[in-house]
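The primary structure of each chain is shown beneath.
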2 protein chains.
Amino acid sequence: MGNNAIVGQSGGPTSVINASLVGVFQAAQSRGAKRVYGMLNGIQGLFEERYVDLSEAITSTLQIELLKRTPSSYLGSCRYKLPEPEKDEAAYQKLFKLFKKLDIGYLFYIGGNDSMDTIQKLSRYAKTIGSDIRMIGVPKTIDNDLAVTDHTPGYGSAAKYIAATVKEVIRDGLVYNQRNVTIIEIMGRNAGWLTAAAALAEGEDCEGIDMICLPENVFDVDLFLERVDEAQKERKSVVVAVSEGVKLADGRYVCELADNAEFIDAFGHRNLSGTSRYLANQAAIRLGCKTRAIEFSTLQRCAGHITSRVDITEAFQVGGAAVKAAFELKTGCMVTLKRLSDDPYQVTTGLVEIEQVANKERKIPQQWQTKDKTGVKKDFINYVRPLIQAELTPFYVEGLPRHIHL
Amino acid sequence: MGNNAIVGQSGGPTSVINASLVGVFQAAQSRGAKRVYGMLNGIQGLFEERYVDLSEAITSTLQIELLKRTPSSYLGSCRYKLPEPEKDEAAYQKLFKLFKKLDIGYLFYIGGNDSMDTIQKLSRYAKTIGSDIRMIGVPKTIDNDLAVTDHTPGYGSAAKYIAATVKEVIRDGLVYNQRNVTIIEIMGRNAGWLTAAAALAEGEDCEGIDMICLPENVFDVDLFLERVDEAQKERKSVVVAVSEGVKLADGRYVCELADNAEFIDAFGHRNLSGTSRYLANQAAIRLGCKTRAIEFSTLQRCAGHITSRVDITEAFQVGGAAVKAAFELKTGCMVTLKRLSDDPYQVTTGLVEIEQVANKERKIPQQWQTKDKTGVKKDFINYVRPLIQAELTPFYVEGLPRHIHL
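Calculation rules
Residues numbered from 1 in each chain as written. Chains lettered and ligands numbered in written order. Predicted model: local features only at pLDDT ≥ 70, side-chain atom pairs only at ≥ 80, totals over all residues. Heavy atoms only, no water. Contact = heavy atoms within 4.5 Å. Buried area = accessible area lost by both parts, 1.4 Å probe. Salt bridge = Lys/Arg side-chain N within 4 Å of Asp/Glu carboxyl O. Phe/Tyr/Trp six-rings, centres within 6.5 Å; stacked < 30°, edge-to-face > 60°. Helix = DSSP H or I, 4+ residues; strand = E, 2+ residues; numbered from the N terminus. Buried < 20%, exposed > 50% of the residue type's maximum accessible area, 1.4 Å probe, protein only. Expected span 1.5 Å × (residues − 1). Axes fitted to C-alpha atoms, helices over the stretch in contact; angles between N-to-C directions. Parallel < 35°, antiparallel > 145°, perpendicular 65-115°, else oblique. Left-handed = near helix turned anticlockwise from the far one by under 90°. Pairing = 2+ DSSP bridges. Right-handed = clockwise from strand over helix to strand, strands pointing away.

1. Describing the interface of chain B and chain A
Chain B puts 68 residues into the contact, and the matching count from chain A is 68 residues. Here chain B and chain A share an interface that buries about 5800 Å² over both sides, 52% of which is from carbon and sulfur atoms. Among the residues chain B hides against chain A, the three largest losses belong to Glu168(B), Tyr176(B) and Arg277(B). Together they make up 12% of the total. Linking chain B with chain A are 8 salt bridges.

In structure tokens, the structure reads:
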């Protein structure tokens with residue numbers, strides 16, 4: 001069995017993804033891995049033999065603490081889908097040759113449902129050739145759409161950013177004594193977990209948002225504008241959270257109604273944006289009031305200056321749990337988070353066969369939504385509130401959060 | 001002379017505008033004002049006799065601290081331009097009748113260059129009718145475009161938000177090993193102070209942005225795309241900061257090239273947005289790479305969760321200095337900030353005749369820009385760096401910054 005470990009980061013970045021890297025790195029070192037390599041730009045980079053020796057790159061506890069506070073993937077990421085091993089063995093032969101050269105015994109891949117596809121294929125191929133490399137997936141995605149796990153590291157911090165910013169936008173919208181509509185566009189192609197987090201803004205000091213539009217439900221532009229109009233009878237300043245992924249009954253994305261250049265990534269995902277701008281324009285025309293479109297864009301996945309300490313801690317823990325599993329000879333699995341209780345909030349880690357999570361999406365349960373599908377119920381708030389608790393203060397140097405990079 | 005004070009907030013909000021309110025409120029109380037009233041929605045609200053007695057609304061030191069941490073105008077704001085006193089005396093008669101009823105001796109107005117127009121007209125009218133109400137302007141604007149004063153409260157925190165977020169966006173843009181262009185749109189109609197603050201991102205841990213496009217200079221779309229193309233030969237991920245107010249040689253805003261609903265506010269300002277989207281689309285078409293448009297939108301003026309302590313402290317100080325001036329029988333003036341030195345950074349407050357600042361705009365000096373107008377020089381960095389220093393930690397309650405509202 002190989003003596004070294006290798007770890008990669010894949011898919012969209014988060015503000016806490018490097019805490020998982022730290023978790024893997026430290027646990028692998030303490031469990032006796034001689035070297036811990038990092039793939040540069042995930043599995044895709046390995047095809048060009050692009051990797052670093054993390055044991056040489058990360059040598060101080062200050063670096064470790066900076067890593068926890070640095071958003072976006074330290075090792076770089078990729079959106080690369082491995083071919084089916086049965087169809088293109090050459091790719092795998094190349095990778096496993098490199099694994100042999102690097103004396104790899106353990107492979108960890110930090111990512112979402114697309115990235116778990118990589119673990120699935122690699123471990124499947126390993127089995128067919130009798131390789132004993134242990135391969136474990138480490139969950140990460142702001143989208144929170146991974147199956148089986150209670151939630152995913154990255155989500156809590158994105159939810160915290162969204163809720164905090166929505167609170168600020170609500171305050172801002174109330175500043176003038178005039179009718180206005182603000183439409184906030186939040187990430188999430190098919191699952192509305194991030195958009196729903198906007199509901200957290202409501203509290204003793206904030207009236208909250210007026211409507212939430214999730215991609216789980218069919219979107220109707222006319223009904224939407226009617227509801228905004230209705231909401232504005234109650235308060236002059238209306239704030240609505242809309243998922244970038246909302247679709248019409250005919251299956252088209254709302255953003256397709258707008259006039260936009262399109263981009264399709266390696267996984268076949270469209271670049272969705274412009275939903276809020278389209279709806280804000282429609283509201284301006286039909287309701288005759290001031291409107292504003294705000295896209296949180298990549299800010300929601302890279303806002304390292306406001307993260308959830310619960311999230312960072314769990315991101316670190318799943319990294320460590322992955323290493324533990326691998327050293328206990330598990331393979332072809334992903335680490336999960338299992339919630340023991342909401343209040344007091346308690347979680348533990350678990351393991352799941354990779355087949356149960358790869359390429360699968362988990363959506364918001366219907367019973368957590370209000371009947372008219374314009375909001376979420378207390379059950380959802382109870383679910384998400386613990387995930388945004390506590391903070392990890394950035395290291396401010398000369399007035400700005402300090403990061404670390406390769 | 002009246003025994004009471006009244007204070008209003010006007011124009012666009014900032015994340016620290018309430019620190020100036022606290023400054024006025026506490027100084028007026030300690031100097032003996034019997035009551036301190038707050039205009040609701042500025043001078044416009046007074047026409048409908050909408051005001052509060054702050055002496056009753058703010059009674060605890062916890063409220064004071066929450067106010068300093070609450071973005072957007074606590075009292076509400078307006079974008080209202082008073083008529084010329086010579087043309088419409090009735091408006092003034094109404095206001096001064098209310099001032100008499102409320103026994104007002106001191107009036108403070110927190111705002112930018114448009115708002116200082118209000119102080120100018122009110123004090124001019126007061127002189128003509130022999131009123132002894134002291135009227136002092138308190139500077140506030142994220143735009144930093146007020147004349148005479150070294151800088152304006154609100155700018156430092158917005159600059160800190162911009163620089164911190166730009167750093168994060170740069171990290172995010174580097175995550176995939178592919179060519180991409182991110183165009184960040186930053187507020188500022190005619191003055192590029194906010195956009196230039198993106199230059200602060202550069203440092204030991206960040207390569208900084210590739211180009212800054214200020215509204216002070218004529219914008220050429222073709223030249224812009226050429227430069228982006230050139231920059232991309234050096235690095236795959238290019239990040240550019242563009243002011244919402246960039247204009248073509250023929251005077252049209254770049255955002256007018258895009259297809260957008262338009263909105264013109266009470267001061268005749270157009271709602272400028274869509275510049276980054278237009279440029280990102282052009283870059284996608286002409287350079288054939290992935291592009292992204294990010295608008296900081298109102299987030300840059302309401303991000304109370306990341307503020308500059310220097311800025312908050314100065315916002316508080318200008319409020320106090322305004323009260324001091326009024327009690328020393330000054331009127332028709334605005335408080336200024338005077339820089340004594342860059343390093344160590346030292347400022348003091350001053351006073352300026354309101355005529356010198358009302359309706360005037362201060363732009364970035366040409367000598368602070370690079371020769372090709374795509375960046376700023378060290379002089380600018382030396383100017384702005386002190387303004388983003390230190391933090392005022394939000395009061396996090398249940399995971400989110402706590403605010404206060406009326």
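2. Re the packing of aromatic side chains
One pair of aromatic rings is described through two measures. These are the centre distance and the angle between the planes. Going through the model one piece at a time under the given rule, you end up with 29 aromatic pairs over all chains. Geometrically, the ring pair formed by Phe96(A) and Phe99(A) is edge-to-face, given 5.1 Å between the ring centres and 70 degrees between the ring planes. Within this pair, Phe96(A) and its partner Phe99(A) are both found in helix H5 (residues 89–101), separated by 3 residues, close to a single helical turn. Considered together, Phe96(A) and Phe99(A) belong to a single accessibility category, that of buried residues. When the centroid spacing of 5.0 Å and the interplanar angle of 45 degrees are considered together, the rings of Trp368(B) and Tyr383(B) count as tilted. Residue Trp368(B) is located in the loop between strand E11 (345–353) and helix H13 (378–384), and its partner Tyr383(B) is located in helix H13; the two are separated by 15 residues in the primary sequence. As far as the burial class goes, Trp368(B) and Tyr383(B) line up, both buried.

3. A closer look at helix H10 (residues 275–287) of chain B
Residue pairs spaced three or four apart in an α-helix point in one direction, given the helix's 3.6 residues per turn. Here H10(B) spans 17 Å end to end across 13 residues, near enough to the 18 Å set by a 1.5 Å rise per residue. Looking at H10(B), one finds that the buried residues are Thr275(B), Ser276(B), Arg277(B), Tyr278(B), Leu279(B), Ala280(B), Gln282(B), Ala283(B) and Leu287(B). Looking at the buried side of H10(B), the elements it contacts are helix H10 (275–287) and strand E9 (290–295) of chain A together with strand E6 (180–186), helix H9 (221–234), strand E8 (237–243) and strand E9 (290–295) of chain B. Of the residues one or two after H10(B), Gly288(B) is the one with positive phi, at around 65 degrees.

4. Structural notes on the packing of H9(B) against H10(B)
All names here are of chain B. Following both chains from N to C, one finds H9 and H10 inclined at 60 degrees, their axes separated by 11 Å at the closest point. When the interaxial angle is binned, H9 and H10 end up oblique. Handedness of the crossing formed by H9 with H10: right-handed. Where H9 approaches H10, its residues Val-221, Asp-222, Phe-224, Leu-225, Val-228 and Asp-229 are matched on the opposing element by Tyr-278, Leu-279, Gln-282, Ala-283, Arg-286 and Leu-287.

5. Some thoughts on the pairing of strand E5 (residues 134–139) of chain B
Residues and elements named next belong to chain B. With 6 of 6 residues buried, E5 is to be regarded as a mostly interior element. Here E5 shows two buried faces, one formed by Arg-134, Ile-136 and Val-138 and the other by Met-135, Gly-137 and Pro-139. Bridge count for strand E4 (residues 104–111) against E5 is 6 bridges, and the pairing is parallel. If you follow Phe-108 over to E5, its bridge partner there is Ile-136. Remark: the E4/helix H6 (residues 113–129)/E5 crossover connection has right-handed handedness. Bridge count for E5 against strand E10 (residues 333–342) is 2 bridges, and the pairing is parallel. If you follow Ile-136 over to E10, its bridge partner there is Cys-333.

These values are about where atoms sit, not about what they do.
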